[in-house]
Amino acid sequence: MSRKKQTINTDITSSRRDFLKSSIAAGGALVAGSAAARAESDPAITQVQDWARYLGDGVDAAPYGKPSEYEKHVIRRSVPWLTASTESSINFTPLHELDGIITPNGVCFERHHGGVAEVEPDKYRLMINGLVEKQLVFTMEDLMRFPRKNQINFLECAANSGMEWRGAQLNGCQFTHGMVHNVMYTGVPLRYLLEEAGLKTNAKWIMPEGGDSSGMNRSVPLFKALDDCLIAFKMNGEALRPEQGYPARLVVPGWEGNMWVKWIRRIEVGDMPWHAREETSKYTDLMENGKARRFTWEMDAKSVITNPSPQAPIKHKKGPTVLTGLAWSGRGTIPRVDITLDGGRNWHKARMDGPSLEKSLHRFYYEFDWNGEPLLLQSRAIDSTGYIQPTKDELRAARGVNSIYHNNGIQTWHVKKTGEVENVEVS
């Protein structure tokens, strides 16, 4: 795709702004009115509830905290037909149930090639070999003695939205866009370890290798390894979960998730890429002419409306409605997201909220007064380089429909009069 900045018309006129303000104000009055009615007649407020009558569990009932039982539906989910077995499959993040930018550890999407490796930390080792002055082997205790860094980054599988290349297919943003999560990683900058080993003058690449049964490996250019990569051992303040590579994994900010090698056991330094399975027969982008793009590491700017969406329908009839979603870019930040309610005829600037961090998820909102008529919802991200998220038609015109990777096309949700939502495409 060309990264030339496109001309867009997204400004809302002052009269339109005034209309929206008055509509939301009127809708707010409706909400306040129904709330006042409940204060007089709703048993949930007029009667004492059981939880206010009896003592609850003590502090020792749950030594490790867990969500409320009323939130037990907020879980990762898989699509059984996508892969041959659960040991080489995907569990998708429930994006429609979350808010803010941080993904809770227990629902971070997971992708495995040989199942979850249960690595004993006392037996864990990380080796650095190849074009280095001295081969080194680090224990977890060794790694913990290096200076640490905290950084919040998204991890997105290159196949995220991959099933949508040929048309709308999976009905839910958990399944169309749920191969992404965003956490604070704590770890050792990889450059410290490489400097400790001493890089030879002809070193140009590294090959991280996983310690699980698949032994997955990828070629990573040295400039990236020395820039912002981490050997991470914490996520959101606690140890990595086993499915996220415990006790240590590679973090490659802004680049496709397959490169973020889990249970990392070895890093070989070389002078050229290794052309491994995961960068030849897999994770290449087959074009219309039969040729394949290779080494397409960076994740382009992308966004999705998470609510309303197929798994999160509108439950009220009319009135004030909060639209929210996520946007991200492997090249920087997302200063702007535009929203359309009518399939792209009119665009409105969304409200960005929360931290705006490099190579991290960004949260956006758009508050409007729904009149009960059908909607065609879309979001369009613009990153800090000026790159504008393309439509699916623009993406297909440039790359065809043979790939399953790097689909960052604009997603459309059709909201029906009933409030139900489905995955559609508009021309």
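Given the structure is predicted, the values throughout are model-derived calculations rather than measurements.

Visitor: Can you walk me through the overall build of the protein chain in this structure?
Guide: Scanning the protein chain from terminus to terminus reveals seven helices and 23 strands. Over its C-alpha atoms the protein chain spans a radius of gyration of 24 Å, differing by no more than 12% from the 22 Å that the globule rule assigns to 427 residues. Overall size of the protein chain, expressed as C-alpha extent along the three principal axes, is 75 × 65 × 40 Å. Counting only residues that meet the buried cut, the protein chain has 50% of its 427 residues in that class.

Visitor: Before we go on, may I ask you to explain the side chain of His 112 in this structure?
Guide: By secondary structure assignment, the location of His 112 is in the loop between β2 (110-111) and β3 (126-130). Side-chain polar atoms of His 112 contact the side chain of Lys 262, separated by 3.3 Å. Setting aside residues up to four positions removed in sequence, His 112 forms contacts with Glu 87, Ser 88, Ser 89, Glu 243, Lys 262 and Trp 263.

Visitor: Sorry if this is basic, but what is going on with the pairing of β3 here?
Guide: Regular strands show a simple pattern: their side chains alternate between the two faces of the sheet. Across three bridges, β3 lies against strand β4 (residues 136-138) in antiparallel orientation. Within β4, the position partnered with Leu 126 by the bridge is Phe 138. Between β3 and β4, which pair antiparallel one after the other, the connecting turn spans five residues. Pairing of β3 with strand β12 (residues 264-270) involves four bridges; the strand directions are parallel. The partner of Gly 130 across the bridge, within β12, is Val 269.

Visitor: Just to check I follow, could you spell out the packing of aromatic side chains for this structure?
Guide: One pair of aromatic rings is described through two measures. These are the centre distance and the angle between the planes. A complete count under the given rule lists 11 aromatic pairs for this structure. Taken together, a centroid distance of 5.8 Å and an interplanar angle of 75° make the contact between Phe 138 and Phe 146 edge-to-face. Across the pair, exposure class does not vary: Phe 138 and Phe 146 are buried alike. Ring centres 6.5 Å apart and planes at 55° place the aromatic pair Phe 154 and Trp 328 in the tilted group. Placement of the pair is Phe 154 in strand β5 (residues 149-156) and Trp 328 in strand β16 (residues 319-328), with a sequence separation of 174 residues. On the accessibility criterion, Phe 154 (0% relative accessible area) is buried. Here the aromatic residues Trp 205, Phe 223, Trp 255, Phe 295 and Trp 297 are joined through ring pairs into a cluster of three or more. The ring of Tyr 387 carries Arg 331 above its face, with NZ or CZ at 5.6 Å from the centroid.

Visitor: Any chance you could explain the nonpolar core here in plain terms?
Guide: What tends to happen in soluble globular proteins is that the nonpolar side chains get buried as a cluster. Of all hydrophobic cores here, the largest spans 57 residues; its most connected members are Leu 126, Ile 128, Leu 190, Leu 193, Ile 206, Ile 231 and Ile 264. The leading source of residues in this core is strand β9 (residues 230-235), at five residues. Not counting chain neighbours up to four residues away, the residues in contact with Ile 231 comprise Leu 126, Leu 143, Gly 187, Val 188, Leu 190, Leu 193, Ala 248, Arg 249, Leu 250, Ile 264 and Ile 267. With 31 residues, the next largest nonpolar core counts Met 299, Ala 301, Val 304 and Leu 326 among its residues.

Visitor: Got a minute to help me understand the sheet that holds strand β21 (residues 375-382) in this structure?
Guide: Where strands meet in a sheet, backbone hydrogen bonds hold them as pairs that are either parallel or antiparallel. Strand order in the open sheet formed by five strands is β18-β17-β21-β22-β23, with antiparallel pairing between adjacent strands. Each edge of the open sheet is held by one strand with a lone partner, namely β18 (348-349) and β23 (421-424). Relative to strand β22 (residues 412-415), β21 is paired through four bridges, and the arrangement is antiparallel. By the bridge assignment for β22, Leu 377 is matched with Trp 413.

Visitor: I would appreciate a short explanation of helix α5 (residues 190-197) in the present structure.
Guide: An α-helix turns once per 3.6 residues; consequently, residues spaced three or four apart project the same way. Those residues of α5 that sit buried are Leu 190, Leu 193, Leu 194 and Ala 197. Along the long axis of α5, the arc covered by the buried residues comes to 95°, so they all point the same way. Gly 198 sits one or two positions beyond α5 and adopts a positive phi of about 85°.

Visitor: Teacher, can you tell me more about helix α7 (residues 392-399) here?
Guide: Listed as buried for α7 are Lys 392, Leu 395, Arg 396 and Arg 399. Summarising the axial view, the buried residues of α7 lie within an arc of 95°, below the 170-degree limit, and thus occupy one face. Residues of α7 that are buried make contact with β13 (285-286) and β14 (292-293). Following α7 by one or two positions, Gly 400 adopts a phi angle in the positive range, close to 80°.

Visitor: Just checking my understanding: could you explain the pattern of salt bridges for this structure?
Guide: If the charged atoms of two oppositely charged side chains come close together, the side chains can form a pair. All chains considered together, the criterion is met by 26 salt bridges. Across the salt bridge formed by Arg 76 and Glu 110, the nearest N and O atoms sit 3.4 Å from each other. Of the two residues, Arg 76 is situated in the loop between α2 (43-46) and β1 (90-91) and Glu 110 in strand β2; the sequence distance between them amounts to 34 residues. For Arg 76, a relative accessible area of 17% gives the class buried. On the basis of relative accessibility, which here comes to 12%, the residue Glu 110 falls in the buried class. A salt bridge links Arg 265 to Glu 209; the nearest nitrogen and oxygen atoms lie 2.4 Å apart. Of the two residues, Arg 265 sits in strand β12 while Glu 209 sits in strand β7 (residues 205-210), which places them 56 residues apart along the sequence.

Quick notes on the rules
- Residues numbered from 1 in each chain as written.
- Predicted model: local features only at pLDDT ≥ 70, side-chain atom pairs only at ≥ 80, totals over all residues.
- Heavy atoms only, no water.
- Helix = DSSP H or I, 4+ residues; strand = E, 2+ residues; numbered from the N terminus.
- Rg over C-alpha atoms; globule rule 2.2 N^0.38 Å.
- Buried < 20%, exposed > 50% of the residue type's maximum accessible area, 1.4 Å probe, protein only.
- Polar contact = N/O pair within 3.5 Å; in protein donor to acceptor, adjacent residues only side chain to side chain.
- Contact = heavy atoms within 4.5 Å.
- Pairing = 2+ DSSP bridges.
- Phe/Tyr/Trp six-rings, centres within 6.5 Å; stacked < 30°, edge-to-face > 60°.
- Lys NZ or Arg CZ within 6 Å of the ring centre and 35° of its normal.
- Core = buried A, V, L, I, M, F, W, Y, C linked by side-chain atoms within 4.5 Å.
- Arc of directions from axis to C-beta.
- Salt bridge = Lys/Arg side-chain N within 4 Å of Asp/Glu carboxyl O.

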